[in-house]
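# Tertiary structure, described
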Amino acid sequence: MHIVQQLLFVIAFAAAVYLFARKAGEIRRNILLGRDFTPYGTPAERWRNVLLLAFGQQKMFRKPLVAVLHFFVYAGFIIINLEILEIILDGVLGTHRLFTPLLGVLYPVLIGCFEVLAVLVILGCAIFLIRRNILKLKRFMGRDLDGWPRSDANYILITEIVLMLLFLTMNTADQVLQTRGADHYMATGNFWISGLLTPLVDGFSTGGLVALERTCWWLHILGVLAFLNYLPYSKHLHIVLAFPNTYYTDVRPWGKMENMPAVQKEVQLMLQPELAASEPPSDTVPKFGAKDIPDLTWKNLLDAYSCTECGRCTAACPANITGKKLSPRKIMMDTRDRAEEIGNNIKKNGSFQDDGKALLRDYISEEELRACTSCNACVQECPVAINPLHIILQLRRHLVMEESSAPAEWNMMFSNIENNMAPWKFSPDDRDKWALEN
């Protein structure tokens, strides 16, 4: 019987790992659809971001209560899953609580800590469900979350509660079986939480307790493996991608915009026409800005896949607050959706076949882009260092420089800059007269 269980476990585990690795490979391919990107700053600066933003969740602690609850869920998820290592080894080797002899008296302390974290995870997830579905906080009610995105968050929170309850129930049944001297259930010492819950199952027969413990064990590990494969399809992929994303984030001051060498050269030649004769002719026509996924950088796409959909960026966006159509969260979700669409196109056809669509207009409208004030509020607020503004600016650059599509006010400013080398309608000779007249 044990051999059959071992075989079933190995098959389930191998299938889960294979499916996750395949989807992770597809996501990596989609991210690398973007053009090359060289991160700024030193490795020390980037590792500091990882420690503060990803591990330390620094930006979350602007709202301490929510941050503490989130930290319970985060720490519980990371630390309790260390216990999964023992479950996996038990499943493969056919053992039970393999680490008990190795850790001795430390074992019940370790499991006790896991159980306290499990209770905190349940508490945190329950409060988050209430905030989303009963209190209905404004940033969770945006139209960009209608449908799957809103359900996704609820599914994850409910799944985490169920997994923690299975973990506690499994341990509770195990504790009673230890006291009864059941086969394979060696004495480990008292667990902190499940040890208090044993009166709830004392009335079960030994066979019933074994069935309860084994059922919870299987449901717990299968639930974890299912969660592993759900993760790449969910916004909760940020659990994994927050770490590389904060490592590669821009460490320069916010608001630093990237100039294009080709544009700089044109401006220089305009100001110094005598240099034009010495310029070698170029066979390539530079592409300005971004229209679709391949025009963005792979860091932009990593940002999109790292998005937590928490809505802090949109809640802080002055354009959104004043009723304009722009939502930085939607910008990131649209970018990810378009990357997935292109990835599926490649998967189906072997290479990308033109589908007549683009990120610009089919997903993100001109109205959204023009509403942006470039204030960096969204960059400031994002807990995992995502930069929606960089995508907005690249799409807007394409509109203006490739399609000459800009509001009349902008075109007047561009014309003044071109003719007068300033945004105002004054010739260079007259520019300083106002100072003399006042």
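What this report covers is the structure whose coordinates are included nearby. (Residues numbered from 1 in each chain as written. Predicted model: local features only at pLDDT ≥ 70, side-chain atom pairs only at ≥ 80, totals over all residues. Heavy atoms only, no water.)

## Thoughts on the packing of aromatic side chains
Cut-off, in case you're wondering: Each pair of aromatic rings taken from Phe, Tyr and Trp, with Trp reduced to its six-membered ring, is defined by centres within 6.5 Å and is described as stacked if the planes are under 30 degrees apart, edge-to-face if over 60, and tilted in the remaining cases. Secondary structure counts use DSSP, requiring at least four H or I residues in a row for a helix and at least two E residues in a row for a strand, with both numbered from the N terminus. Partly exposed describes any residue whose relative accessible area lies between the buried limit of under 20% and the exposed limit of over 50%, with all areas from a 1.4 Å probe on protein chains only and scaled to the type maximum.
On inspection of all chains with the given rule, the structure shows 13 aromatic pairs. Pairing Phe-37 with Trp-298 gives two aromatic rings, centres 5.4 Å apart and planes at 90°, and the pair type is edge-to-face. Here Phe-37 is found in the loop between helix 1 (2–31) and helix 2 (43–55), whereas its partner Trp-298 is found in helix 12 (residues 298–306), with 261 residues between them in sequence. Judged on exposure class, the residue Phe-37 and its partner Trp-298 are both buried. Ring geometry for Phe-71 against Tyr-74: centres 5.7 Å apart, planes inclined by 50°, an arrangement best described as tilted.

## Some remarks on empty space enclosed by the protein
Basically, it comes down to this: A 1.4 Å probe that fits but cannot get out identifies a cavity on a 1 Å grid over protein atoms alone, an open set with protein on both sides within 12 Å along at least five of seven lines counts as a pocket, and a residue lines either if it has an atom within 4 Å of a point. Grid points are joined across faces, edges and corners, and a volume is the space filled by probe spheres set on the points. Any residue that is not Ala, Val, Leu, Ile, Met, Phe, Trp, Tyr, Cys, Pro, Asp, Glu, Lys or Arg is counted as polar, Gly included; the first ten are nonpolar and the last four charged.
Evaluation of the coordinates by the stated rule reveals four cavities of 30 Å³ or more. Considering only enclosed or pocket space, the largest cavity measures out at about 620 Å³ in volume. Lining the largest cavity are 30 residues, with Met-60, His-70, His-236, His-238 and Thr-308 sitting closest to its centre. A per-element tally of the lining of the largest cavity places helix 3 (residues 64–80) first, with six residues. A per-class count over the lining of the largest cavity returns 19 nonpolar, five polar and six charged.

## Let's talk about the layout of surface pockets
A volume near 1,500 Å³ is recorded for the largest pocket. Residue lining of the largest pocket: 35 residues in total, with Asn-259, Met-260, Val-263, Arg-397 and Met-401 positioned closest to the centre. For the lining of the largest pocket, the secondary structure elements donating two or more residues are helix 11 (261–271), helix 19 (388–403) and helix 20 (408–420). At seven residues, the largest contribution of residues to the lining of the largest pocket is made by helix 19. Class assignment of the residues belonging to the lining of the largest pocket gives a composition of 17 nonpolar, nine polar and nine charged. Size it by volume and the second largest pocket reaches roughly 570 Å³. Around the second largest pocket sit 32 residues that line it, and Thr-249, Asp-250, Trp-254, Val-379 and Asn-387 are the ones nearest its centre. Per-element accounting of the lining of the second largest pocket gives the leading share, four residues, to helix 2.

## Regarding the side chain of Ser-234
Note the following rule: The contact definition used throughout considers only heavy atoms, calling two residues in contact when any of these lie within 4.5 Å.
Residue placement: Ser-234 occurs in the loop between helix 9 (206–230) and helix 10 (238–247). Setting aside chain neighbours within four positions, we find Ser-234 in contact with Asp-152 and Ile-156.

## Observations regarding helix 7 (residues 148–179)
Quick reminder of the rule: Multiplying 1.5 Å by the residue count of a helix minus one yields the expected span of that helix.
With 32 residues, helix 7 should cover 46 Å at 1.5 Å per step; its first-to-last C-alpha distance of 47 Å lies within 8% of that length. Note on helix 7: the residue one or two positions beyond its end, Gly-181, has a positive phi of about 70°.

## Some remarks on the side chain of Arg-132
For clarity, the cut-off: Residues counted as positive are Lys and Arg, residues counted as negative are Asp and Glu, and His and the chain ends are not counted. Whenever Lys or Arg places a side-chain nitrogen within 4 Å of a carboxyl oxygen from Asp or Glu, that contact is recorded as a salt bridge.
Assignment of secondary structure puts Arg-132 in helix 6 (residues 106–133). No salt bridge is formed by the buried Arg-132; its nearest oppositely charged neighbour, Glu-309, is found at 7.2 Å. When sequence neighbours within four positions are dropped, the list of residues in contact with Arg-132 reads Phe-140, Met-141, Ala-153, Asn-154, Leu-157 and Lys-235.

## Observations concerning the environment of Gly-112
Tracing the chain through its elements places Gly-112 in helix 6. Residue classification places Gly-112 among the buried residues on the basis of a relative accessible area of 0%. The sequence separation of Gly-112 and Phe-55 amounts to 57 residues, and the corresponding C-alpha distance is 23 Å.

Note that every value here comes from positions in space, so none of it alone points to a role or purpose.
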